[in-house]
Amino acid sequence: MEDDLLALLGEGAHGYFAGGAGDEITLRENEESWSRLRLAPRVLVDVAERDPSVTLLGRRRSPLLVAPMAYQKHVHPDGELASARAAARTGTGYVLSSQTTTPPADVAAALGERGGWFQLYVFGDRQVSLDLVAQARESGFEALVLTVDFPVAGWRERDKRTGFRIEHPVALNPDGPALTTEQLFAMHDPSLTWDDVAELAQVAGMPLLVKGVLRPDDAERAVDAGVAGIVVSNHGGRQLDTVLTGAQALPPVVEAVAGRADVLVDGGVRRGWDVAKALALGADAVLVGRPVLWGMATGGQDGAAAVLDQLHAELDSTLALLGVPRAEDLDTSALTGR
Ligand SMILES: Cc1cc2nc3c(=O)[nH]c(=O)nc-3n(C[C@H](O)[C@H](O)[C@H](O)COP(=O)(O)O)c2cc1C
């Protein structure tokens, strides 16, 4: 699989999409920490009817969302249109990266009625970010996801080795030349603080979530700043190596938030039973990243949809076999037996 992807994408893009920071310890542990958790199924429960849906930002929907991921035209020529159409087709939520290689309005059209969320980075030139917020609002995105774990880029040795360049214009720099990832990353504003989050929550004109929180005290600050949701995330192991995984960081964050905001988690979710474990630990929903890219790389929109369909089917099977037919009823007893 790894070799096939390398052949499809080439070394530079493959390193950028598959890789993580440092020794990639967190990248590996993200998957391991879900697979290490053990489930405790209840038997002889009537599971003839099952409901995987959850309530998120006040709406019933799938607990699965496609994570925001940059530069998707390097994965497949259809880029973000492929992942967005796959999400729409499979009833999966969708978060568009602000480093999109497809204009946000076109992605919104591909998402159709169900819509999607827009991920934001705050750049040194704040006007660039405000313009992106305006584009997102005008295109009909439902919520804004501010990524807060990227004051500077992680130490990504694969990219340093290959010097991977972005060949496609990005929405935040639509008329500009091709840039290296380092040039794009240097645009981020490392002086961002919680005061800026509170301000953005006021001016966003839509619900604001913060993505990249790993500590319960930061989760408290996010709630105080007025966010509607928190994404527990280590950026897919791409920022600081050896940090907490989503599975490890989630329970204390859920406890600190105490229902005052929605809590989502990502990193290393590869199977429907991983999704069930995340919900059992108190997440309201789960974001999936690289598997969607690998589906796109091999089969464009259909490949991405096959990945998302399989995750939903695995979740359905897990709910039945676990004896918890409604995803919303999952709690820690599914893991502890008590
Ligand atoms: C190639 C790639 C690009 C990414 N780009 C962004 C981005 O632009 N904004 C963002 O908030 N997160 C970005 N992320 C992080 C994802 O949103 C998500 O947190 C992570 O990929 C989840 O882990 P998983 O890939 O193991 O499922 C990116 C991840 C990958 C793999």
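Residues numbered from 1 in each chain as written. Predicted model: local features only at pLDDT ≥ 70, side-chain atom pairs only at ≥ 80, totals over all residues. Heavy atoms only, no water.

A. Seen up close, the overall build of the protein. Helix and strand counts for the protein stand at 13 helices and 12 strands. For 338 residues, the compact-globule estimate of 2.2 N^0.38 gives 20 Å, and the protein sits close to it at 19 Å. Per-residue burial over the protein gives 56% buried out of 338 residues. When contacts within the protein are restricted to residue pairs at least 6 apart in sequence, those whose partners lie at least 24 apart make up 72%. Only carbon and sulfur atoms are counted for the fraction: they give 51% of the accessible area of the protein, which is about 14100 Å². (Helix = DSSP H or I, 4+ residues; strand = E, 2+ residues; numbered from the N terminus. Rg over C-alpha atoms; globule rule 2.2 N^0.38 Å. Buried < 20%, exposed > 50% of the residue type's maximum accessible area, 1.4 Å probe, protein only. Contact = heavy atoms within 4.5 Å. Areas by Shrake-Rupley, 256 points an atom, 1.4 Å probe, with all protein chains shown as cover.)

B. The site of the ligand, seen in detail. In the vicinity of the ligand lie 23 residues, with Pro68, Ser97, Thr147, Asp266 and Arg270 positioned nearest. The separation between an oxygen atom of the ligand and a polar main-chain atom of Pro68 is 2.7 Å. Starting from 600 Å² of accessible surface for the ligand in isolation, the protein chains cover 99%. Broken down by class, the residue content of the shell around the ligand amounts to eight nonpolar, 10 polar and five charged. (Near = heavy atom within 4 Å. Polar contact = N/O pair within 3.5 Å; in protein donor to acceptor, adjacent residues only side chain to side chain. Nonpolar A, V, L, I, M, F, W, Y, C, P; charged D, E, K, R; others polar.)

C. Region of the structure containing the side chain of Gln72. Relative to the elements of secondary structure, Gln72 occurs in the loop between strand E3 (64-66) and helix H3 (80-90). Judged by its relative accessible area of 1%, Gln72 is buried. A polar contact is formed between the side chain of Gln72 and the side chain of Ser83, at a distance of 2.7 Å. In contact with Gln72, other than residues within four places in its own chain, are Gly79, Glu80, Ser83, Tyr94, Thr101, Leu293 and Met296.

D. Structural detail: H3. The set of residues buried in H3 consists of Glu80, Ala82, Ser83, Ala84, Ala86, Ala87 and Thr90. Taken together, the buried residues of H3 touch E3, strand E4 (93-96), helix H4 (104-111) and helix H12 (290-322). Downstream of H3 by one or two residues, Gly91 has phi in the positive range, about 70°.

E. Summary view of the nonpolar core. Formed by 95 residues in total, the largest nonpolar core has its most connected members in Tyr71, Leu120, Leu144, Ile230 and Leu330. Residue contacts for Ile230: discarding those within four places in its chain leaves Leu209, Val210, Val213, Ala219, Ala222, Val223, Val253, Val257, Asp262, Val263 and Leu264. Core analysis: the second largest hydrophobic core is formed by 13 residues, Leu65, Val95, Trp117 and Leu287 among them. (Core = buried A, V, L, I, M, F, W, Y, C linked by side-chain atoms within 4.5 Å.)

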